[in-house]
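Reading the structure
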Amino acid sequence: MHNGQTAGGLYQLVNLFSGGALLQVSIFALGIMPYITASIIVQLLRVVIPRFQELYDEGASGQSKLTQYTRYLTIALGLLNATTLVSLARSGQLLPGCQLPIIPDSSIITTILIIITLTAGTGLIMWMGELVTEKGVGNGMSLLIFTSIAAQFPTSLGAIWTAQGPGTFFIVLAVGLLTVALVVFVEQSQRRIPVQYAKRMIGRRTVGGTSTYIPIKVNMAGVIPVIFASSMLYIPGLIAQFNQPRNGEPMQPWVEWINNNLTRGDHPPYMVVYFLLIVFFTYFYVAITFNPEEVSDNMKKYGGFIPGIRAGRPTADYLQYVLSRITLPGALYLGFVALIPLVALVLINANQNFPFGGTSILIMVGVGLETVKQIDAQLQQRHYEGLLR
């Protein structure tokens, strides 16, 4: 029983991103998850490896090289994930309740063929996503994830109606609408720091003298802290799984505690640790992606200043102060939204079929808002009226 619960934590997030394909072990079982992980790793490596940051600063040519590195890393992670998936399927831990063998032929050639096929599925999805980015509107990967999550909504809501009845179904719908409204409100919220540019003479032309603002979003980290926290919480369960007692031996106390408290979302210790990890990773990711000193130096270079704040170091300190203050409500909001499906599991016992919560809503609303902005920008660029008046 505990083994099954622990294994469930391994691919719950991956199954979400694959549109439910993982638990069907289809060609696209790995979905887009290897690409997301590779993108996050390359983004984090910019902080650790100076060469990556130099490539990013070079512009289009450098960023195309980073994209190429991301593709290579995606294939490598795809091979690793496919190997893990096949080993779980062969040992019977992928679907603990299933008595039939998922892979009847366990020869080495069949295993290699399955691993290559699953990795090829990831490569094809990556190519399709990049094609949508190049030829379509918005980020192709985001739109693919949006589609895979949205495709599960009718099935999930139908399962809740069947299992829990119409009363619970309408409660879930009401909670879902409130959650969407909250996410839209916070995702659109930003603190605008006014910036004034001094007038300068360049030849015979006067430049500057304009006023603009730096928009600092309440949730600058997006959905990435939730993904990080989910991945980190999987590690204790994995360690416990490899330390299960042999027949006749007593279970070690720490393994029993992990099995009882950190492998399922309906336990208070799991919820508390999950919430704290999300808050930590929100601050961590914002600190990596937004550099107040770099913004301050760019403003100083072009003659910009924040009214009432001296240029240089005082500007960087002020931006850091505002950033740390505004990230706290963003981190608390992310933790709250991520806990909604876990609370639903306790209250209405609908975790497996609860579509409105955590990662799925954050991604769907974020991608939806971004796509509407992109379409609006395209319309205005072609001298049409905007999509939203």
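Not measured: the values here are computed from a predicted model.

1. Let's talk about the sheet that holds strand β1 (residues 190-197)
Spatially, β4-β1-β5 is the arrangement adopted by the three strands of the open sheet, whose pairing is antiparallel. Unpaired on one side and paired on the other, β4 (211-217) and β5 (304-305) mark the two borders of the sheet. Sheet topology places β1 next to β5; two bridges connect them, and they run antiparallel. By the bridge assignment, Q196 is partnered in β5 with F305.

2. A closer look at the environment of V273
Along the chain, the position of V273 falls in helix α11 (residues 268-289). As for V273 and A229, which are separated by 44 residues in sequence, their C-alpha atoms are 8.9 Å apart. Excluding anything up to four places from it in sequence, V273 contacts L233 and L262.

3. Describing the pattern of salt bridges
What the rule picks out here adds up to four salt bridges. Among the ionic contacts, a cluster of salt bridges with common partners joins E293, R313 and D317.

4. Digging into helix α12 (residues 292-301)
By the burial criterion, the buried members of α12 are P292, S296 and M299. Buried residues of α12, seen end-on, are gathered within an arc of 65° and therefore sit on one face of the element. One or two positions beyond α12, positive phi appears at G303, with a value near 75°.

5. With respect to the packing of helix α2 (residues 33-48) against helix α3 (residues 50-57)
Here α2 crosses α3 at 110°, and the two axes come no closer than 6 Å. The angle between α2 and α3 falls in the class roughly perpendicular. For the pair formed by α2 and α3, the contact residues are V42, L45, R46 and V48 on the first element and P50, F52, Q53 and Y56 on the second. Counted by class, the contact of α2 with α3 contains six nonpolar, one polar and one charged residues.

6. As for the UniProt feature "transmembrane region" (unreviewed entry) in the protein chain
Under the feature "transmembrane region" (unreviewed entry), the UniProt entry names residues 21-48, 69-88, 108-129, 141-161, 167-186, 207-235, 271-291 and 330-348. Taken end to end, residues 69-88 comprises 100% helix and 0% strand; its first and last C-alpha atoms sit 29 Å apart.

7. Some words on the packing of helix α5 (residues 108-135) against helix α6 (residues 140-150)
If you want to describe how two helices pack, look at the angle between their axes and the distance between the axes. Where α5 meets α6, the closest approach of the two axes is 7 Å, and the angle between their N-to-C directions is 115°. Residues I125, M126, M128, G129, E130, V132 and T133 of α5 pack against G140, M141, L143 and L144 of α6. For the contact of α5 with α6, the per-class residue count stands at seven nonpolar, three polar and one charged.

8. Some details on the pairing of β1
Summarising the sheet, β1 and β4 pair through seven bridges and their orientation is antiparallel. What sits directly across from I193, in β4, is I214.

Conventions and cut-offs
- Residues numbered from 1 in each chain as written.
- Predicted model: local features only at pLDDT ≥ 70, side-chain atom pairs only at ≥ 80, totals over all residues.
- Heavy atoms only, no water.
- Pairing = 2+ DSSP bridges.
- Helix = DSSP H or I, 4+ residues; strand = E, 2+ residues; numbered from the N terminus.
- Contact = heavy atoms within 4.5 Å.
- Salt bridge = Lys/Arg side-chain N within 4 Å of Asp/Glu carboxyl O.
- Buried < 20%, exposed > 50% of the residue type's maximum accessible area, 1.4 Å probe, protein only.
- Arc of directions from axis to C-beta.
- Axes fitted to C-alpha atoms, helices over the stretch in contact; angles between N-to-C directions.
- Parallel < 35°, antiparallel > 145°, perpendicular 65-115°, else oblique.
- Nonpolar A, V, L, I, M, F, W, Y, C, P; charged D, E, K, R; others polar.
- UniProt positions renumbered as here; feature names shortened; annotations may be inferred.

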